[in-house]
Amino acid sequence: MKMGLFSRRRKSKDADPQPEDARTTEDAAVDDVDDRDHSDDTDAATSDSAAEDAPTERPEHLEDGPFDVADAPGESRIDLGGLQVPTVDGMELRMEVDQRSKAVTGANLVIQGSSLQVQAFAAPKSRGLWEEVRSSLRGSVVKQGGTAEVRPGPFGTELVTRLPVKRPDGRTGYRPARFIGVDGPRWFLRAILTGKALSDPEQAQRFETLISRLVVVRGGEAMAPQELIPLHLPGERPGLQQIRSGPLDPLARGPEITQIG
């Protein structure tokens, strides 16, 4: 299995993220140039009257997860510490590593030109985080001139975004992404799908099945809400030092690949 190391630059939580800093993976596709006025789409996406869609019935192609480690069925998986990823034919695993701290901060699961970025965070016992994170993300996208559509999905409410980006020729394109959130027992899993699977239902189902087979290993240590659950590279088991980076920034700059192996 091929592996790459990535770096991600953090931003001050008071700074407005810029469009070029919103990539979730290096494989994120950019839509064709579109100079239309998107104000109507933006208003619709942020309207207070826009009700959140109820979860759809769970499709047959999904397993019962993502699982808490205490409830996970037996299966061959790649141990990443806070996440366990099932082995899938044709899947390339790429890890994100913070350049400054050298800590592993996320995993990208790449299949046939599409990428699923997955991260797990600590959550309170009394409530989930997805509604709060989704609202923050939608506001950030709209602030940057993009669109954000709330819609029902196989895991509940999802967010589909199109963020404006400058193309090399100076014109504006739009980078689409699909945000999926799952609230578990004292953890929150965030998955961001980009690439061909956004428009290919068969590929999308393949990634949905993958999400439903993931395992989150929260651990029993005290962690602040929205704190990243520690990860490590496959085959390694370093000390699980917690990464205290403050509240989630769903639009933080995505990974930049430095290929190894």
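Before reading on, note that the structure itself is shown above.
All values derive from a computational prediction rather than experimental measurement.

1. Considerations on the sheet that holds strand β12 (residues 215-216)
The four strands are arranged β2-β12-β4-β3 in an open sheet whose pairing can be described as mixed. At either end of the open sheet lies a strand with only one pairing partner, and these are β2 (67-68) and β3 (77-79). Relative to β12, β2 runs parallel, the two being bridged by two bridges. Bridge pairing in β12 links Phe-67 to Val-215.

2. Section: helix α2 (residues 130-143)
Taking 1.5 Å of rise per residue, 14 residues should cover 20 Å, and α2 covers 20 Å from first to last C-alpha, within 8% of that figure. Buried within α2 are the following residues: Trp-130, Val-133, Arg-134, Leu-137, Arg-138, Val-141 and Val-142. Down the axis of α2, the smallest arc covering the buried residues is 160°, so these residues share one side. Looking one or two places after α2, you find Gly-145, whose phi comes out positive at around 90°.

3. Some words on helix α3 (residues 201-211)
Buried within α3 we find Gln-203, Ala-204, Phe-207, Glu-208, Thr-209, Leu-210 and Ile-211. The inward-facing, buried residues of α3 abut β4 (83-86), β6 (104-111), β7 (114-122), β10 (172-184) and β11 (187-195). Where α3 begins, one side-chain oxygen reaches toward the backbone nitrogen of Glu-202, 3.0 Å away; that side chain belongs to Asp-200.

4. Overview of the packing of aromatic side chains
The geometry of an aromatic ring pair is captured by two quantities: the separation of the ring centres and the angle between the planes. Under the counting rule described, the total for this entry stands at two aromatic pairs. Centre to centre, the rings of Trp-130 and Phe-188 are 5.9 Å apart; their planes meet at 25°, and the pair counts as stacked. Of this pair, Trp-130 sits in helix α2 while Phe-188 sits in strand β11, and the two are 58 residues apart along the sequence. Three or more aromatic residues joined by ring pairs make a cluster, and in this case those are Phe-121, Trp-130 and Phe-188.

5. Side note on the side chain of Gln-117
Here Gln-117 lies in strand β7. A distance of 2.8 Å separates a polar atom in the side chain of Gln-117 from a polar atom in the side chain of Glu-96.

6. Some thoughts on the nonpolar core
Ranked by internal contacts, the top residues of the largest apolar core, which has 35 residues, are Leu-80, Met-91, Leu-109, Leu-116, Val-118, Leu-189 and Leu-210. When contributions to this core are tallied by element, the ones reaching two or more residues are β4, β5 (92-97), β6, β7, β10, β11 and α3. If we ignore the near neighbours within four places in the chain, the residues touching Leu-109 are Val-85, Met-91, Glu-92, Leu-93, Ser-114, Ser-115, Leu-116, Val-118, Phe-207, Leu-210 and Leu-214. The next biggest cluster of nonpolar side chains, apart from the first, holds 16 residues, and it includes Phe-121, Ala-123, Ala-177 and Leu-228.

Analysis parameters
Residues numbered from 1 in each chain as written. Predicted model: local features only at pLDDT ≥ 70, side-chain atom pairs only at ≥ 80, totals over all residues. Heavy atoms only, no water. Pairing = 2+ DSSP bridges. Helix = DSSP H or I, 4+ residues; strand = E, 2+ residues; numbered from the N terminus. Expected span 1.5 Å × (residues − 1). Buried < 20%, exposed > 50% of the residue type's maximum accessible area, 1.4 Å probe, protein only. Arc of directions from axis to C-beta. Contact = heavy atoms within 4.5 Å. Polar contact = N/O pair within 3.5 Å; in protein donor to acceptor, adjacent residues only side chain to side chain. Phe/Tyr/Trp six-rings, centres within 6.5 Å; stacked < 30°, edge-to-face > 60°. Core = buried A, V, L, I, M, F, W, Y, C linked by side-chain atoms within 4.5 Å.

This is a description of form; function is not addressed.
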